[in-house]
Amino acid sequence: MLFNSYVFIFIFLPITLIGWYALNHFKAYEWAKVFLAGMSLWFYGYFNVYYLAVIVASILGNYFISYLMKFSHTKLTKHIGLIAGMLLNLGFLFYFKYYDFFFENINLVFHTNFNLRHILLPLGISFFTFQQLSFIIDRCTGGAEHYSFVNYVTFVTFFPQLIAGPIVLHREMMPQFEDKANRRFNADNFAKGIVLFTLGLGKKVLLADVLAIPVNFGFEQTAFLDTPSTLLVILAYTFEIYFDFSGYSDMAMGLGKMFNIELPVNFNSPYKACSVKELWQRWHMTLSRFFIQYVYIPLGGSRKGKIRTIFNTFMVFFLSGLWHGANWTYIAWGTMQGLLVIWDNLGIVGVKGSNEKVPAKVYIPRWLGWLFTFGFFNLSLFFFRSDNMTNAFQMFRNVLAFKDTGYLNKIVVNLDIPEFYLLKQVLNMARPDMINYMYMGIFILLLLISGFILTWKNAVQIVEEYPLSTKLCLFVTVVFVWSVISFSQVSTFIYFNF
């Protein structure tokens, strides 16, 4: 079920809110959690009932391992539990997400003939798998208790963060579900939740979905793009992926606030970063947190010398790339990010005003650091967005060709969006020769608006710093109505694929 859909906003969400607060009002606290978990499973299974079997099997398997840990009193049995938990979760992830990729490459390298299964990827499997994997690891290392089955299911399936994060930890969620104060309706939290949800909805529907139109067309025509069209298409995708994913995160946090549940911040204006290292402290923060706590630190972190630190950092980003998808393009993207972060960690070039502990040999102005960071991140997305390595390298060749064939005009004419229907009709009657200029103007305007929004405060800052004034409420109402009117367009969240 999409957040940006009629069935979610006008049916699912009202029923869930009313049921949750009604049951809690009558002090039926356990039934309230059962109701919320059941509605969350409906939310997940709405796409495909087959997905329910996958997530239920995953939940039962992890809960059983957690239960067995109650009787584990030796290091050996705890290690066995840890291995079993990792095999279960990573096995699930491998089978559904990487099976075909693995055996396709085995067939290619060793000239074997393993059959590919073409398995339907369950939505959000990487998110709820990592969420449960973190719980099992903490359980086996003594950092988590064994919760009741209802509590555990509610923790895993809480619908705002179920499909595309943020990746939550048991220690930040379980206490909130148990806190009786969170069971009472809070008008201030509810109002802030509506504002945050609506801002995220606008980012997704009014910006990301519109920018996706020229982006999708451009990446389908990589062989024909010239330098300007390639650069502007990747810039549009840089904006699209941010508005898409941060918009989802804003909506998730807004929904959480409506239920008096605080979800962790996942984005903190990453495109303001002046180094790639800083960007990754601001982008998909809960994924970075997971890899730091459960990969980087267990590998030794920065405690075992410079060479080991470089290796540990590289492994984090290599695995991050692989986490995003079963394709060499994602591995290349993760590798590129890792190498750039390693470069930052070497301290050869620093940014003025940064708070790095180790002094750099040379310092550059913040604007130049931002330019390098934003530019390299754009270039890395050639790998992230392309279907294969051939197309990704073709995009690099397009940039380095330094030619302008006017292909950008063919891309922008795809921006035939309803908002400009009247203007199009007027131009058709008065100046049909200006139609292409109109589309070009729309595209440039979208990029300028996107750039302006990125330089301003993010949605979380707006909600926390601005009072609920008449002006803000009017703005939120306009964004909400405009977004709802636009629901008829084809839309899906990019990170649903991960």
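Residues numbered from 1 in each chain as written. Predicted model: local features only at pLDDT ≥ 70, side-chain atom pairs only at ≥ 80, totals over all residues. Heavy atoms only, no water.

## A few points about the overall build of the chain
When its secondary structure is counted, the chain shows 20 helices and two strands. Each principal axis of the C-alpha atoms in the chain carries an extent, and together these give about 75 × 55 × 55 Å. Counting the 498 residues in the chain, one finds 53% classified as buried. In the chain, the share of contacts with a sequence separation of at least 24, taken over all contacts with a separation of at least 6, comes to 74%. Taken as a whole, the chain presents about 23,100 Å² of accessible surface, with 69% of it coming from carbon and sulfur. Side-chain charges of the chain comprise 36 positive and 26 negative groups, with the mean position of each set lying 9 Å from the other. (Helix = DSSP H or I, 4+ residues; strand = E, 2+ residues; numbered from the N terminus. Buried < 20%, exposed > 50% of the residue type's maximum accessible area, 1.4 Å probe, protein only. Contact = heavy atoms within 4.5 Å. Areas by Shrake-Rupley, 256 points an atom, 1.4 Å probe, with all protein chains shown as cover. Lys, Arg positive; Asp, Glu negative; His and termini not counted. Charge placed at Lys NZ, Arg CZ, Asp CG, Glu CD.)

## Structural notes on the side chain of S134
Among the structural elements, S134 can be located in helix α5 (residues 125-140). Filtering out sequence-adjacent residues up to four positions away, S134 remains in contact with V168, L169, F290 and Y294.

## Focus on the nonpolar core
Core analysis: the largest hydrophobic core is formed by 140 residues, its most contacted members being F3, F8, F43, F159, F197, F259 and W283. The greatest single-element share of this core, amounting to 15 residues, is contributed by helix α9 (residues 227-258). (Core = buried A, V, L, I, M, F, W, Y, C linked by side-chain atoms within 4.5 Å.)

## Comments concerning the pattern of salt bridges
As enumerated under the stated definition, the model contains 13 salt bridges in all. For E178, the salt bridge identified is with K33, shortest N-O distance 2.8 Å. In this pair, E178 sits in helix α7 (residues 170-178) while K33 sits in helix α2 (residues 29-45), placing the two residues 145 residues apart along the sequence. Residue R282 is joined to E278 by a salt bridge in which the shortest nitrogen-to-oxygen separation is 3.1 Å. Salt bridges sharing common partners tie together E30, K33 and E178. (Salt bridge = Lys/Arg side-chain N within 4 Å of Asp/Glu carboxyl O.)

## A closer look at the environment of V156
Checked against the element boundaries, V156 lands in helix α6 (residues 149-157). For the pair V156 and H170, spaced 14 residues apart in the sequence, the C-alpha separation amounts to 8.9 Å. In this structure V156 touches I59, F128, Q131, Q132, Q161 and L162, once residues within four positions along its chain are discounted.

## Details of the packing of helix α14 (residues 366-385) against helix α15 (residues 389-401)
For the pair α14 and α15, the least separation of the axes is 7 Å and the interaxial angle reads 145°. In this structure, α14 uses L379, F382 and F383 to contact α15, whose residues at the interface are M389, A392, F393, M395, F396 and V399. Grouping the amino acids of the contact of α14 with α15 by side-chain chemistry returns nine nonpolar, no polar and no charged. (Axes fitted to C-alpha atoms, helices over the stretch in contact; angles between N-to-C directions. Nonpolar A, V, L, I, M, F, W, Y, C, P; charged D, E, K, R; others polar.)

## Digging into the environment of N24
Here N24 lies in helix α1 (residues 6-25). Non-local contacts of N24, meaning those with residues more than four positions away in its chain, are made with Y29, A32 and R183.

## Describing unusual backbone geometry
A cis amide bond, omega 5°, links G165 with the succeeding residue P166. Looking at the secondary structure, you find P166 in the loop between α6 and α7. Unlike most non-glycine residues, H111 shows phi in positive territory, near 55°. With respect to the helices and strands, H111 occurs in the loop between α4 (75-110) and α5. Despite not being glycine, F402 shows a phi value in the positive range, around 50°.

## Looking at the packing of aromatic side chains
According to the stated counting rule, one finds 70 aromatic pairs in the structure shown. Ring centres of F8 and F197 lie 6.4 Å apart, and the angle between their planes is 25°; on these two criteria the pair is classed as stacked. With a gap of 189 residues between them, F8 in helix α1 and F197 in helix α8 (residues 187-220) connect regions that are remote in the sequence. The pair formed by F8 and F197 is uniform in burial state, with each residue classed as buried. When the ring of Y63 is compared with that of F149, the centres are 5.1 Å apart and the planes differ by 75°; the resulting orientation is edge-to-face. (Phe/Tyr/Trp six-rings, centres within 6.5 Å; stacked < 30°, edge-to-face > 60°.)

## Concerning a nonpolar patch on the surface
A cluster of nonpolar side chains, contributed by Y6, F10, I11, I15, W42 and Y46, occupies part of the molecular surface with about 600 Å² of accessible area. The greatest single-element share of the nonpolar patch, amounting to four residues, is contributed by α1. Along the chain, I15 falls in helix α1. I15 sits in the partly exposed class, given a relative accessible area of 42%. (Patch = residues over 30% accessible without salt bridge, like charges linked within 9 Å, V, L, I, M, F, W, Y side chains within 5 Å.)

## Focus on the packing of α1 against α2
In contact at an axis separation of 8 Å, α1 and α2 are set at 165° when each is read in the N-to-C sense. The orientation of α1 relative to α2 falls into the category roughly antiparallel. Viewed along their axes, α1 and α2 form a crossing whose handedness is left-handed. Along the contact surface, α1 presents F8, F12, I15, T16, G19, W20, L23 and N24, while α2 presents Y29, W31, A32, K33, F35, L36, M39, W42 and F43. For the contact of α1 with α2, the residue count by class is 13 nonpolar, three polar and one charged. (Parallel < 35°, antiparallel > 145°, perpendicular 65-115°, else oblique. Left-handed = near helix turned anticlockwise from the far one by under 90°.)

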